[in-house]
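# Summary of the model geometry
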Amino acid sequence: MTLPLDTILQGDCIAQMEALPAKSVDLVFADPPYNLQLGGELLRPNNSRVDGVDDDWDRFDSFRDYDDFTRRWLAAARRVLKDDGALWVIGSYHNIFRVGASLQDLGFWMLNDIVWRKSNPMPNFRGTRFTNAHETLIWCAKSAESRYTFNYEAMKALNDDLQMRSDWTIPLCTGSERLKNDGTKVHPTQKPEMLLYRVLMATTKPGDVVLDPFFGTGTTGAVAKKLKRHFIGCERDPDYIKAAQERISKVRPVSELSLLSTPSKKSEPRVPFGTVVERGLLEVGTVLYGNGKDSLTAKVRADGTLISADHRGSIHKVGALVQNAPACNGWTFWHLKQGDELVPIDVLRQKIRAELH
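Looking at an unreviewed UniProt entry, the chain carries the name Methyltransferase, with the source organism given as Magnetospirillum gryphiswaldense. Checking UniProt for the chain, the heading Sequence similarities (unreviewed entry) contains the comment "Belongs to the N(4)/N(6)-methyltransferase family." Among the UniProt annotations of the chain, the heading Catalytic activity (unreviewed entry) holds the following wording: "a 2'-deoxyadenosine in DNA + S-adenosyl-L-methionine = an N(6)-methyl-2'-deoxyadenosine in DNA + S-adenosyl-L-homocysteine + H(+)".

## As for the nonpolar core
Judged by nonpolar contacts, the single largest core of 37 residues is most densely connected at Trp88, Leu137, Trp168, Leu195, Val199 and Leu200. When residues in this core are grouped by element, the largest group, six residues, is from helix H5 (residues 193–203). Those residues within four positions of Trp88 in sequence are excluded, and the remaining contacts are Leu27, Val28, Phe29, Ala30, Ile114, Leu137, Ile138, Trp139, Trp168, Val199 and Thr203. In this structure, Leu20, Trp73, Val80 and Cys234 belong to the second largest nonpolar core, which totals 29 residues.

## Section: the side chain of Thr219
Mapped onto the elements, Thr219 comes out in helix H6 (residues 219–226). The class for Thr219 is buried, based on a relative accessible area of 7%. Polar side-chain contacts of Thr219 include one of 3.2 Å to the backbone oxygen of Lys191. Within the structure, the side chain of Thr219 is placed 3.1 Å from the side chain of Arg247, a separation counted as a polar contact. Excluding its chain neighbours within four sequence positions, the residues that come into contact with Thr219 are Gln190, Lys191, Pro192, Glu193, Leu196 and Arg247.

Basis of the calculations
Residues numbered from 1 in each chain as written. Predicted model: local features only at pLDDT ≥ 70, side-chain atom pairs only at ≥ 80, totals over all residues. Heavy atoms only, no water. UniProt positions renumbered as here; feature names shortened; annotations may be inferred. Core = buried A, V, L, I, M, F, W, Y, C linked by side-chain atoms within 4.5 Å. Buried < 20%, exposed > 50% of the residue type's maximum accessible area, 1.4 Å probe, protein only. Helix = DSSP H or I, 4+ residues; strand = E, 2+ residues; numbered from the N terminus. Contact = heavy atoms within 4.5 Å. Polar contact = N/O pair within 3.5 Å; in protein donor to acceptor, adjacent residues only side chain to side chain.

Below, the structure is given as structure tokens:
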């Protein structure tokens, strides 16, 4: 069977997934019913009605019914996932712990739980509980042996060159991004594109296939198209499908593939420090400063080594010796003066790598 790429499949998600070829998708992102167990209308202090989730698709007769539904859709998703694929599922305190137990029972391997901290949460109007200001995402591999995708360097770059943490502050979907029909929300739980952008940038590659069993109004598809990933959506509601199709048709994907990938430093070509000297990017005799300090200096030698007051050797060896440290990454330790600023010599290595690419 040919995969129905960039298509929304109408109908029950379990039946639709069971009809797809086994081990055919790279990632599953699932935003299943939360089973909110709402009791009656929720009113603001001024007695206006809160537009909450009261649709039939979020109603289950019992926890047992919800657990059975969860295990069946997770089993169907597991079958279509490639062995090195991964799955994300989002939920609230109403359901995420039950979903997590089912994931582990089915053999998925937990990688992270992510706390989506909402910067603009809905208040607790009754004043009887804490404001629900977050939801939880679980990221898991198909098994402990899976060689899942994680674009660490891209996540670090998105976070101002700091390792990204497992708590993400992202606003709720509002403004022009929120789909409405005559002023009414088309879908009560539309997720912000920023959330899916981060998920897909972190755990997929251009050309990967992303399956969303609860497609709704197509946030996953819109972001996948923008980032040149393929999507497959499953959705029962024809109104949601129509809204998603209109939305996705307006998305323009990134035109240059090279702009979508952040190469891992391990995969980048090796550039010896001597190459920087040979290319004339550093003159022989240039003074370098360890961690930008005037007290830790060394000069560049013609053979691509450094010499300090007491030591001679590679950028890594001399960097370690001047600090009395067991090891050192000389590319980030040593700095050179550019005008009034001190910058790490790694900028010169990256210049050469860019030319090689």
